[in-house]
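These are the residues of each chain, in order.
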Amino acid sequence: LETNFERWLYLLKKLPTFDRCPPELKGKIFEKLFRYAEISQLTPAEMKEYKKSIEEYADVQNAMEFAEEKGKRIGKEEGLEEGMEKEKILIAQNCLKKGLSLEMTAELTGLSIEQIKSII
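Structure report, in brief.

What counts, and at which threshold
- Residues numbered from 1 in each chain as written.
- Predicted model: local features only at pLDDT ≥ 70, side-chain atom pairs only at ≥ 80, totals over all residues.
- Heavy atoms only, no water.
- Helix = DSSP H or I, 4+ residues; strand = E, 2+ residues; numbered from the N terminus.
- Buried < 20%, exposed > 50% of the residue type's maximum accessible area, 1.4 Å probe, protein only.
- Areas by Shrake-Rupley, 256 points an atom, 1.4 Å probe, with all protein chains shown as cover.
- Lys, Arg positive; Asp, Glu negative; His and termini not counted.
- Charge placed at Lys NZ, Arg CZ, Asp CG, Glu CD.
- Salt bridge = Lys/Arg side-chain N within 4 Å of Asp/Glu carboxyl O.
- Core = buried A, V, L, I, M, F, W, Y, C linked by side-chain atoms within 4.5 Å.
- Contact = heavy atoms within 4.5 Å.
- Arc of directions from axis to C-beta.
- Patch = residues over 30% accessible without salt bridge, like charges linked within 9 Å, V, L, I, M, F, W, Y side chains within 5 Å.
- Phe/Tyr/Trp six-rings, centres within 6.5 Å; stacked < 30°, edge-to-face > 60°.

1. Re the overall build of the chain
Next, step 1: Helix and strand counts for the chain stand at 5 helices and 0 strands.
Next, step 2: Each helix and strand of the chain, ordered N terminal to C terminal, gives the series α-α-α-α-α.
Next, step 3: Burial statistics for the chain: of 120 residues in total, 12% are counted as buried.
Next, step 4: For the chain, the accessible surface area stands at approximately 10,000 Å², while carbon and sulfur atoms represent 57% of it.
Next, step 5: Between the centroid of the 20 positive side chains of the chain and the centroid of its 23 negative side chains there is a distance of 5 Å.

Below, the structure written as structure tokens:
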């Protein structure tokens, strides 16, 4: 079997005799076909269990994606807050170098006087 056309003809002719995908039928499309064929042979009870497992898998995937997105969002927010706090400290240091009072520096940066004293 050299071409997909030959493989398809072979498959259609011999399909009732296969219990698994033969090595002659290499390729994702044929593997997928055999997976679907296996699923179509399930009993109603097995099919119900199979569908339930697919739904559970999808639920887990959705929960993981949601958690990942939430984690990214929280990480960005925390990073932004941390960056803003560092920027306030740098501004406070520059204000103090220019001779501004603690009160004026606190007013300009939004930092408390205690926070400003701790960076001196």
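2. Some details on the pattern of salt bridges
Next, step 1: Considering all chains together, one arrives at 3 salt bridges under this definition.
Next, step 2: Linking Glu69 and Lys72 is a salt bridge whose minimum nitrogen-to-oxygen distance equals 4.0 Å. With a gap of 3 residues between them, Glu69 and Lys72 both fall in helix 3 (residues 44-97), about one helical turn apart.
Next, step 3: Residue Glu69 is classed as partly exposed on the basis of its relative accessible area of 46%.
Next, step 4: Note on Lys72: relative accessible area 43%, which makes it partly exposed.
Next, step 5: Put simply, Lys86 and Glu82 hold a salt bridge, and the shortest N to O gap is 3.5 Å.

3. What to know about the nonpolar core
Next, step 1: Membership of the largest hydrophobic core is limited to 5 residues, which are Leu11, Phe18, Leu25, Phe30 and Phe34.
Next, step 2: Contact partners of Phe34, with chain neighbours within four places excluded, come to Leu11, Leu15, Phe18, Arg20, Cys21, Pro22 and Leu25.

4. Quick notes on helix 4 (residues 102-109)
Next, step 1: The complete set of buried residues in helix 4 reads Thr105, Ala106 and Thr109. End-on, the buried residues of helix 4 take up no more than an arc of 100°, which puts them together on one face. Exposed side chains of helix 4 directed beyond 90 degrees from the buried face belong to Glu103, Glu107 and Leu108.
Next, step 2: Against the buried residues of helix 4 lie helix 3 and helix 5 (113-119).
Next, step 3: A positive backbone phi angle near 85° is found at Gly110, which sits one or two residues after helix 4.

5. Regarding a negative patch on the surface
Next, step 1: The grouping of Glu49, Glu55, Glu56 and Asp59 at the surface amounts to a negative patch.
Next, step 2: With respect to the helices and strands, Glu55 occurs in helix 3.
Next, step 3: A relative accessible area of 52% means that Glu55 is categorised as exposed.

6. Quick look at the packing of aromatic side chains
The geometry of an aromatic ring pair is captured by two quantities: the separation of the ring centres and the angle between the planes.
Next, step 1: Throughout the structure, instances matching the rule amount to 3 aromatic pairs.
Next, step 2: Where Trp8 meets Phe30, the ring centres are 5.0 Å apart and the plane angle is 45°; that geometry is what we call tilted. Taken together, the residues span a long stretch of sequence, with Trp8 in helix 1 (residues 4-14) and Phe30 in helix 2 (residues 28-40) at a distance of 22 residues.
Next, step 3: The class for Trp8 is partly exposed, based on a relative accessible area of 32%.
Next, step 4: The rings of Tyr10, Phe18 and Phe34 are connected pair by pair, giving a single aromatic cluster.

So far we have only geometry, and geometry alone does not tell us how the molecule works.
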